[in-house]
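# Secondary and tertiary structure notes
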Amino acid sequence: MFLGLEWYWWLVILAVLAISVPFKVKFLKWWGRRAQEKKEAHGKWGDEE
């Protein structure tokens, strides 16, 4: 088989990717929103208190 893996291992790999990609997208959106909120919490120059 391709790269020495049996066909069922490719199914397992595809299933893991199909499950993990939406979680990664959701995490990246959450992280970007969190970073934006942190940026807005600071003053104009970032470190002002």
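This text goes with the structure placed above it.
Reading the values: the criteria
- Residues numbered from 1 in each chain as written.
- Predicted model: local features only at pLDDT ≥ 70, side-chain atom pairs only at ≥ 80, totals over all residues.
- Heavy atoms only, no water.
- Helix = DSSP H or I, 4+ residues; strand = E, 2+ residues; numbered from the N terminus.
- Buried < 20%, exposed > 50% of the residue type's maximum accessible area, 1.4 Å probe, protein only.
- Areas by Shrake-Rupley, 256 points an atom, 1.4 Å probe, with all protein chains shown as cover.
- Patch = residues over 30% accessible without salt bridge, like charges linked within 9 Å, V, L, I, M, F, W, Y side chains within 5 Å.
- Salt bridge = Lys/Arg side-chain N within 4 Å of Asp/Glu carboxyl O.
- Phe/Tyr/Trp six-rings, centres within 6.5 Å; stacked < 30°, edge-to-face > 60°.
- Lys NZ or Arg CZ within 6 Å of the ring centre and 35° of its normal.

## Structural notes on the overall build of the chain
Along its length, the chain carries one helix and zero strands. The 49 residues of the chain split such that 0% are buried. For the chain, the exposed area adds up to about 5,000 Å²; of that, 68% sits on carbon and sulfur atoms.

## Overview of a nonpolar patch on the surface
Taken together, the side chains of W7, Y8, W9, L11, V12, I13, L14, V16, L17, V21 and V25 define a hydrophobic patch exposed on the protein surface, amounting to about 1,000 Å² of accessible area. A relative accessible area of 53% places L14 in the exposed class.

## Some words on the packing of aromatic side chains
Enumeration according to the criterion identifies five aromatic pairs in this entry. One aromatic cluster is present, built from ring pairs that chain together W7, Y8 and W9. Across from the ring centre of W31, 4.8 Å away, lies the NZ or CZ of R34, which sits over that ring.

Function-wise, these values are silent; they only describe arrangement.
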